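Residue-level listing of the chains:
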Amino acid sequence: MTDVAFSWDRSARAVLADALARLDVRRFVVETRPGELAIARVGRLRHDPGGRHVLTGCGTALSTAWIVLRGLGIRPVLSFPHDPGRPDVLAAVTPGADDPATTSDWDRYLALRAVAGPPRGRAVPVADPVVLAELAAENPWPRTQAARNPGGRGLSVVADGAGCVDRVLVGAAVHSVRVAAAVRGLTTEVRPGGQGSVPQAVVLVFEG
């Protein structure tokens, strides 16, 4: 279940709610506190040790909210609250100064509707290192790295740490890469990364 509360006007709330409703994993709540949006996890999924998929879904919600705010001309500021009374709250976004959306911001906002995958049929993987490097460069999230998957296809997205926040950030980074691909008319598929201790994922990219 997705519950959206947005402290700005009704149209902005509707835009955010529409974008979040399109996400596959909805075990999150996007709520408002005085002057900020908070991303909180809700419940667990079966066969999800440690709530990893829920945390990744929260990262997807965080990335989506960030893109929507930029489309609305707001410069978001990211923080990670540590509130013993609300351990479910994983990240918060504070609206910063007004900052008119750029063409790239609008492209990403429009691409939220076009994020697609896995592709059907015999999809052609994108192997051009220039294209993959461009997609990797559009990962704005701290404590994460996106790079061409060594020895394989697509891009590898890896966190610097192994905590809950790092899993959220990997989810946000993966979503940002997928949106960047959708801007270019490409489809994507997300697969688990290696079995190491740090959160990671592989984003396969295909021609549209």
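Basis of the calculations
Residue positions within a chain follow its written sequence, with the count starting from 1. Local features in this predicted model are restricted to residues of pLDDT 70 or higher, and side-chain atom pairs are both shown and tallied only at a pLDDT of 80 or more, whereas totals for entire chains, interfaces and linings draw on every residue. For the side-chain quantities, the full set of heavy atoms in the structure was used; hydrogens and water were omitted. Structural elements are reduced to axes, namely lines fitted to C-alpha atoms, with helices fitted over the stretch in contact, and the angle between N-to-C directions of any two is expressed from 0 to 180 degrees. Secondary structure counts use DSSP, requiring at least four H or I residues in a row for a helix and at least two E residues in a row for a strand, with both numbered from the N terminus. Any angle that falls under 35 degrees is termed roughly parallel, while one over 145 is termed roughly antiparallel, one within 65 to 115 roughly perpendicular, and all others oblique. It only takes one pair of heavy atoms within 4.5 Å for two residues to be counted as in contact. Gly falls in the polar group here, along with every residue not listed as nonpolar (Ala, Val, Leu, Ile, Met, Phe, Trp, Tyr, Cys, Pro) or charged (Asp, Glu, Lys, Arg). Put simply, a crossing is left-handed when the front helix is turned counterclockwise from the back one by less than a right angle, and right-handed when it is turned clockwise. Whenever a carboxyl oxygen of Asp or Glu lies within 4 Å of a side-chain nitrogen of Lys or Arg, that contact is scored as a salt bridge. For two strands to be treated as a pair, DSSP must find at least two bridges joining them. Scored between 0 and 100, pLDDT is the confidence that the predictor attaches to each residue.

Below, the discussion takes up the packing of helix α3 (residues 103–111) against helix α5 (residues 164–183). Between α3 and α5, whose axes approach to 8 Å, the crossing angle comes to 100 degrees. One element, α3, and the other, α5, form an angle in the roughly perpendicular class. Only V179, A182 and V183 of α5 make contact with α3, whose side of the interface consists of D107, R108 and A111. For the contact of α3 with α5, the per-class residue count stands at four nonpolar, no polar and two charged.

Below, the discussion takes up the packing of helix α1 (residues 10–21) against helix α2 (residues 52–71). Where α1 contacts α2, the two axes come as close as 10 Å, and the packing angle between them is 145 degrees. Of the two elements, α1 crosses α2, and the hand of that crossing is right-handed. Where α1 abuts α2, its residues V15, L16, A19 and L20 lie against A61, T64, A65 and V68. Along the lines of polarity and charge, the residues of the contact of α1 with α2 split into seven nonpolar, one polar and no charged.

Our focus in this paragraph is the pattern of salt bridges. A full pass over the atoms with the stated rule returns 13 salt bridges. Each member of the salt-bridge network shares a partner with another, and the members are R70, R75, D99, D105, R108, E134, E138 and R184.

The sheet contact formed by strand β3 (residues 36–41) and strand β5 (residues 89–98) spans four bridges and is antiparallel. By the bridge assignment for β5, I39 is matched with A91. As paired strands, strand β4 (residues 74–79) and β5 are joined by five bridges and run antiparallel to one another. Note on β5: the bridge partner recorded for P76 is P95.

Here we take up the confidence of the model for the protein chain. Per-residue pLDDT for the protein chain has a mean of 87; in total, 90% of the residues score no lower than 70. Ranking the helices and strands of the protein chain by mean pLDDT puts α3 first, with 97, and strand β1 (residues 3–4) last, with 50.

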